[in-house]
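Analysis of the macromolecular model
If you want the building blocks of each chain, they are given just below.
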Amino acid sequence: MCTGMIGSRRLSWADCPGDREGEDHMESGSSLQGGQIRSYGAALIAFGVAVGLRWLLAPWLGDDGAYLLFTVPIIAAVLFGGVGASLVAAALGLIAGFVFSTRSGADGLASIEVLIFLLVATSLVLVGAQVRRLNPLSTAGGPTAAARSSLAHDLASELNLLIDGATEYAICMLDLEGRVLIWNPGGQRLLGWSESEIVGQDISVFYPQDARDAGKPQEDLNRTRAEGKVEQEAWLLRKDGSEFLAHISITALHDQSGALRGFGKVLRNVTDQRASERALDAGAEQHLRSILSTVPDAMVVIDDRGKILSFSTAAERLFGFQEADVLGENVSCLMPSPDRERHDDYILRYLQTGERKVIGMGRVVVGMRKDGTTFPMELSVGEATGHGPRVFTGFVRDLTERQRTQARLEELQAELIHIARVSGMGTMASTLAHELNQPITAVANYVEAVRDLLANPDPDDLPMIREALGDAAGEAMRAGHIVRRLRDFVARGEVEKSVEDLPSVIHEAAALGLMGARDQGLEPVFDLDPVASPVLIDRVQIQQVVINLARNAVEAMQGMEEPRLWLAANDQGDGLVRVTVSDNGPGVAPSIAGQLFTAFISTKAEGMGLGLSICRTIIEANGGRIWHEPRSGGGSQFHFTLVKVEGESIHEQ
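A brief look at the structure comes next. (Residues numbered from 1 in each chain as written. Predicted model: local features only at pLDDT ≥ 70, side-chain atom pairs only at ≥ 80, totals over all residues. Heavy atoms only, no water.)

Let's talk about the overall build of the protein chain
Helix and strand counts for the protein chain come out as 21 helices and 19 strands. The buried share of the protein chain, taken over its 653 residues, is 34%. The long-range share in the protein chain, meaning contacts at least 24 apart out of those at least 6 apart in sequence, stands at 54%. Here the protein chain displays about 38,400 Å² of accessible surface, and carbon together with sulfur accounts for 58% of that area. (Helix = DSSP H or I, 4+ residues; strand = E, 2+ residues; numbered from the N terminus. Buried < 20%, exposed > 50% of the residue type's maximum accessible area, 1.4 Å probe, protein only. Contact = heavy atoms within 4.5 Å. Areas by Shrake-Rupley, 256 points an atom, 1.4 Å probe, with all protein chains shown as cover.)

Observations concerning the pattern of salt bridges
Throughout the structure, instances matching the rule amount to eleven salt bridges. Here Asp303 and Arg305 are joined by a salt bridge, their closest N and O atoms 3.5 Å apart. Residue Arg539 is joined to Glu500 by a salt bridge in which the shortest nitrogen-to-oxygen separation is 2.7 Å. Taken together, the residues span a long stretch of sequence, with Arg539 in helix 18 (residues 539–556) and Glu500 in strand 13 (residues 498–500) at a distance of 39 residues. For Glu500, a relative accessible area of 16% translates into the label buried. Through salt bridges that share partners, Glu500, Glu508 and Arg539 make up one connected network. (Salt bridge = Lys/Arg side-chain N within 4 Å of Asp/Glu carboxyl O.)

Comments concerning the side chain of Thr224
Mapped onto the elements, Thr224 comes out in helix 10 (residues 216–227). In this structure Thr224 comes out as buried when scored by relative accessible area, which is 0%. A distance of 2.8 Å separates a polar side-chain atom of Thr224 from the backbone oxygen of Asp220. Ignoring anything within four residues of it in the chain, the contact list for Thr224 reads Lys229, Val230, Ile250, Thr251, Ala252 and Phe263. (Polar contact = N/O pair within 3.5 Å; in protein donor to acceptor, adjacent residues only side chain to side chain.)

Some words on unusual backbone geometry
Omega for the peptide link from Ser533 to Pro534 comes to 0 degrees, which places this bond in the cis form. Of note, Pro534 is situated in the loop between strand 14 (523–528) and strand 15 (535–537). Phi angles above zero are rare outside glycine, and Asp574 is one such case at about 60 degrees. Checked against the element boundaries, Asp574 lands in the loop between strand 16 (564–573) and strand 17 (576–583).

A short note on a nonpolar patch on the surface
A surface patch of nonpolar side chains, amounting to about 560 Å² of accessible area, comprises Ile45, Val49, Leu53, Trp55 and Leu56. Within the secondary structure, Val49 is located in helix 1 (residues 17–56). (Patch = residues over 30% accessible without salt bridge, like charges linked within 9 Å, V, L, I, M, F, W, Y side chains within 5 Å.)

Some remarks on the pairing of strand 4 (residues 180–183)
As judged from the three bridges shared by strand 3 (residues 170–174) and strand 4, these two strands associate in the antiparallel manner. Bridge pairing in strand 4 links Leu174 to Val180. (Pairing = 2+ DSSP bridges.)

A short note on the sheet that holds strand 3
Pairing is antiparallel across the open sheet formed by five strands, whose spatial order is 4-3-7-6-5. Looking at strand neighbours, the two that pair on one side only are strand 4 and strand 5 (229–237), the edges of this open sheet. Strand-to-strand, the axes of this sheet are offset by a mean angle of 25 degrees, without reference to chain direction. Here strand 6 (residues 243–254) pairs with strand 7 (residues 260–269) via nine bridges, running antiparallel. The residue of strand 7 that forms the bridge with Ala252 is Phe263. Across the face of the sheet, helix 10 comes into contact with strand 3, strand 5, strand 6 and strand 7 while running at roughly 170 degrees to strand 5. (Axes fitted to C-alpha atoms, helices over the stretch in contact; angles between N-to-C directions.)

Describing helix 18
Taking 1.5 Å per residue, 18 residues should reach 26 Å; helix 18 reaches 26 Å between its end C-alpha atoms and fits that length. Along helix 18, the residues classified as buried are Gln541, Ile542, Gln543, Val545, Val546, Ile547, Leu549, Ala550, Ala553 and Val554. On its buried side, helix 18 packs onto helix 17 (502–513), strand 15, strand 16, strand 17, helix 20 (611–621) and strand 19 (636–643). (Expected span 1.5 Å × (residues − 1).)

Things to note about the sheet that holds strand 19
Two pairing modes exist for strands in a sheet, parallel and antiparallel, and in both the strands are linked by backbone hydrogen bonds. Reading across from one edge, 14-16-17-19-18 is the order of the five strands in this open sheet, with mixed pairing throughout. Every interior strand has two partners, whereas the edge strands, strand 14 and strand 18 (626–630), have only one. On average, each strand axis in the sheet is tilted by 20 degrees relative to the strand beside it, whichever way the strands run. By the bridge criterion, seven bridges tie strand 17 to strand 19 in an arrangement that is antiparallel. Considered in strand 19, the bridge of Ser582 is made with Gln637. The sheet contacts of helix 17 involve strand 14, strand 16, strand 17 and strand 19, and relative to strand 14 the element is tilted by about 170 degrees. Sitting on the sheet, helix 20 is in contact with strand 18 and strand 19, with an inclination near 25 degrees to strand 19.

A look at the packing of aromatic side chains
Per the counting criterion, the structure on display carries four aromatic pairs. With 5.8 Å between their ring centres and 50 degrees between their planes, Trp193 and Phe206 make a pair best called tilted. Placement of Trp193 in the loop between helix 7 (185–191) and helix 8 (195–198) and of Phe206 in the loop between helix 8 and helix 9 (209–213) is noted, with a sequence separation of 13 residues between them. We classify Trp193 as buried; its relative accessible area is 14%. An aromatic cluster is present here, built from Trp183, Trp193 and Phe206 joined pairwise through their rings. Note that Arg625 overlies the ring of Trp627, its terminal NZ or CZ placed 3.8 Å from the centroid. (Phe/Tyr/Trp six-rings, centres within 6.5 Å; stacked < 30°, edge-to-face > 60°. Lys NZ or Arg CZ within 6 Å of the ring centre and 35° of its normal.)

Topic: the environment of Leu454
Relative to the elements of secondary structure, Leu454 occurs in helix 15 (residues 400–455). The class for Leu454 is partly exposed, based on a relative accessible area of 48%. Expressed as a C-alpha distance, the spacing of Leu454 and Ile465, which sit eleven residues apart in the sequence, is 8.4 Å.

As for the packing of helix 18 against helix 20
Where helix 18 contacts helix 20, the axes come no closer than 10 Å and their chain directions differ by 150 degrees. As judged from the angle between their axes, helix 18 and helix 20 are roughly antiparallel. Regarding helix 18 and helix 20, the two cross each other, and that crossing is left-handed. On the side of helix 18, the interface is formed by Gln541, Ile542, Gln544, Val545, Asn548, Leu549 and Asn552, while helix 20 contributes Gly611, Leu612, Cys615, Ile618 and Ile619. The class makeup of the residues in the contact of helix 18 with helix 20 is seven nonpolar, five polar and no charged. (Parallel < 35°, antiparallel > 145°, perpendicular 65-115°, else oblique. Left-handed = near helix turned anticlockwise from the far one by under 90°. Nonpolar A, V, L, I, M, F, W, Y, C, P; charged D, E, K, R; others polar.)

What follows is the structure in structure tokens.
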């Protein structure tokens, strides 16, 4: 027994496939029993008729055709009965044939007649069985087919109720040409056309005139044919001429053989939903703008093409531009050369390779204000990806005041170091005087004694002279040992090396070392080969070397009309990288060119001559060497080498 509710109609037991099939089997069983009785009866009647005819024709037939007439009951049983009735008719015919035949069993002709009858009967039974098996019309299957047809009709009715109940959706079926075949009440509520008005119409009536002129209706069907399903949002037209924003879903409908039969189209009005979302976005944008107007650090938002999307109030104060002046412009307008020309290539390389150079990490770079002046700044870049386009957010912090303070501190520190050096040199001189006074005095005394002894040579004095000279040599060796030990103490030092990106090290050092130099017309030129990286160095010490060389070059070019500074890095092979700092200044006098890296040798009037000496000590401690060459065309160029780290070495690190 099966009960249930679909819609508002209660299903009875007659709607349940399981119960209905049980009833069908019961009816089929009783019908089968009645059919078998009728088939056996027909076979017996046919056999009785055959016996009567054979008895009436006996005077004329004699012994001939004893079995002939008894094939008729077999045929009747095959046609109206089944295999069982046919076998019964064949057995009765065989018995009757023996009765009507007067030939003896030894007669060969009688045996042939029996054999022929058996072959004919067997053939008729087999043919009849095969025909009945292939016959699709069965009395027992009739009630089941009717029940299934009734169930299919009920399911179709329930499906129609479901489609008609979707009042928030316009559901329609289209033929291959795009004409409406099926239209639900939701379509009438949403677009205004009734079923009688829209069936047979082309779907182009749903589209505004500009979309029809652009071929949008046919384009949607062609896309659906190619892709199988298309979902989009577009403006559609109602019967009264008003437009609304709709979410459109078009699906290609195929039959079991894969042939395209038509299209299913579902429409939903999303105008209010999108308006609410835009209102929320507008509120969020206002909230974001309130944050941007108060955040202390400058913030610039750009897209993946480098176009400025947002420019905070702090950024306006820092760069001197108003937001309206830079919106839509390339962010390179905030950079000096050569970064201005290379920035788009930086973004393109990141989008293609995913290799991060600045994103997610802070870096000291140089910015340019509206008036053309440059300043050092700390830049941190973040990336945002979501449903919309990819955007990059840069947070900028001005380092001008910090570096001015740092420069003043460095000046004070340099003065303290100078005083400490002078004091240290005095202490060193006192130490040397104290330590060396005794051995030098002893040497002088021994030499003077030998001189006095040799004034009046006496062979007996030779042992004494040799002893005095030996003691003098010993004291001289002692003085040399004191000097060597002091030198080793001063020169001894340790460095902490790490794997570093050389272009990043040089850029940061240049930003610090050239502070204020750009305002004097100096434009540094960078030629940093990406292959010449990474290197194994003490980052702080190498930046000290670059800063010292850059400042020396700036001071050497002081007062020149077109000062130029070049910073280059190249892979020179043998596991080394060469860094070159060049300028177009007056150069170095040949008289002191060979002594540049010697302590207390300086080309500056106020210099102490220790800067290049310290640079040499640092470079040698980092596994390289440093040297000077005159630049062709005028000026100087300083080279130093560093240890390059290969891929295998990085893995080991």
